[in-house]
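Report on the structure
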Amino acid sequence: MSYMSEKRSVPKHVAIIMDGNGRWAKLRGKERYEGHIQGVESVRRVVRAAVRNGVEYLTLYAFSTENWGRPAAEVEALMTLFCKSVINETPSLIEQGVRVEIIGHRSHFSDEVRSRLSEIESRTAAGERLTLVLAIDYSSRDEITDAVRSIARNVAEGRLKADDITEQTIGESLYTARYPDPDFIIRTSGECRLSNFLLWQASYAELYFPQTLWPDFTEEDFDKALEVYASRERRYGLI
Ligand code: FPP
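Attention here is on the structure that accompanies the text.

Cut-offs and rules
Residues numbered from 1 in each chain as written. Predicted model: local features only at pLDDT ≥ 70, side-chain atom pairs only at ≥ 80, totals over all residues. Heavy atoms only, no water. Axes fitted to C-alpha atoms, helices over the stretch in contact; angles between N-to-C directions. Helix = DSSP H or I, 4+ residues; strand = E, 2+ residues; numbered from the N terminus. Parallel < 35°, antiparallel > 145°, perpendicular 65-115°, else oblique. Left-handed = near helix turned anticlockwise from the far one by under 90°. Contact = heavy atoms within 4.5 Å. Nonpolar A, V, L, I, M, F, W, Y, C, P; charged D, E, K, R; others polar. Near = heavy atom within 4 Å. Polar contact = N/O pair within 3.5 Å; in protein donor to acceptor, adjacent residues only side chain to side chain. Phe/Tyr/Trp six-rings, centres within 6.5 Å; stacked < 30°, edge-to-face > 60°. Buried < 20%, exposed > 50% of the residue type's maximum accessible area, 1.4 Å probe, protein only.

1. Focus on the packing of helix H2 (residues 32-53) against helix H3 (residues 72-95)
- Contact geometry of H2 with H3 gives a least axis separation of 10 Å together with a crossing angle of 25°. Between H2 and H3, the angle falls in the class roughly parallel. In this structure, H2 crosses over H3, and the sense of that crossing is right-handed. Contact with H2, carried on its side by Arg32, Tyr33, His36, Ile37, Val40, Arg44 and Val47, involves Glu74, Ala77, Leu78, Leu81, Ser85, Glu89 and Leu93 of H3 and no other residues of that element.
- Here the contact of H2 with H3 is composed, by residue class, of 8 nonpolar, 2 polar and 4 charged.

2. Remarks on the site of the ligand
- Not every one of the 19 residues close to the ligand is listed here, only the nearest: Asp19, Gly22, Arg23, Arg32 and Arg70.
- Between the ligand and the protein, one listed contact pairs an oxygen atom with a backbone N or O atom of asparagine 21 at 3.2 Å.
- Contributions of two or more residues to the shell around the ligand are made by helix H1 (21-27), H2 and H3.
- Take the shell around the ligand: its biggest share by element is 5 residues, from H2.
- By residue class, the composition of the shell around the ligand is 8 nonpolar, 7 polar and 4 charged.

3. Structural notes on the packing of aromatic side chains
- This structure, assessed with the given rule, holds 11 aromatic pairs.
- An angle of 80° between the planes, with centres 5.8 Å apart, marks the rings of tyrosine 61 and tyrosine 138 as edge-to-face. In this pair, tyrosine 61 is assigned in strand S2 (residues 57-64) and tyrosine 138 in strand S4 (residues 130-138), connecting sequence segments 77 residues apart. Across the pair, tyrosine 138 and tyrosine 61 agree in class, each one buried.
- Relative to phenylalanine 82, the ring of phenylalanine 63 lies with its centre 6.3 Å away and its plane at 90°, an arrangement referred to as edge-to-face. Pair noted here: phenylalanine 63 is in strand S2 and phenylalanine 82 is in helix H3, with a separation of 19 residues, a long-range link. Just as phenylalanine 63 is buried, phenylalanine 82 falls in that class too.

Printed below as a string of structure tokens:
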């Protein structure tokens, strides 16, 4: 049942750190990449559940800048998986009204991966129900560093006065400038860290750390997470 029809508080923007693929695979005596393959099924389920619940923005942490340090074979498998998933899922995403946008440092990707990612962005650009933001090669500190650089350049070149820099100036200089801040951040697998994900944007977000490993995360788990969100009182530091 949709939470919208019950007029409950639905977060406009949900962000998820999809963690536990490796442990899921290990528990089954499988290779790590099989955990990632299974993780794509969870992505599919969660996108469906987000659309059904009327969530407008869903950001998924798919690959952190630190992930380049994993064994080459795993990085390669993840890249192949992104490309394949993107191609296979596009028709269903279009049908569901999902627009896909990518944030992160695209420059490190191969031409093949880069062009696949651009392709899915342009093919889904008309989607109006849910914006699915894939954070790939994303690091929040990199993002903030880039923002500081561009603001400093604007000051140095006389387009902006230092005293006129506000929180809004910074927000508008981040990769996420066109999205509202996340209301709700979920990290699966029981780890309780943000790991360089949306550090500036997470200022007022509710955080939730279910034990479930990402490949086991179901539509019902997403619905339950939204119930947890709805049950929390959000005071923004006020009394
Ligand atoms: C973290 O689990 C997961 C990743 C680094 C990769 C996430 C990617 C997917 C689920 C595929 C998504 C596909 C698309 C198209 C967005 P881990 O490997 O760190 O798990 P562990 O902590 O148990 O080792």
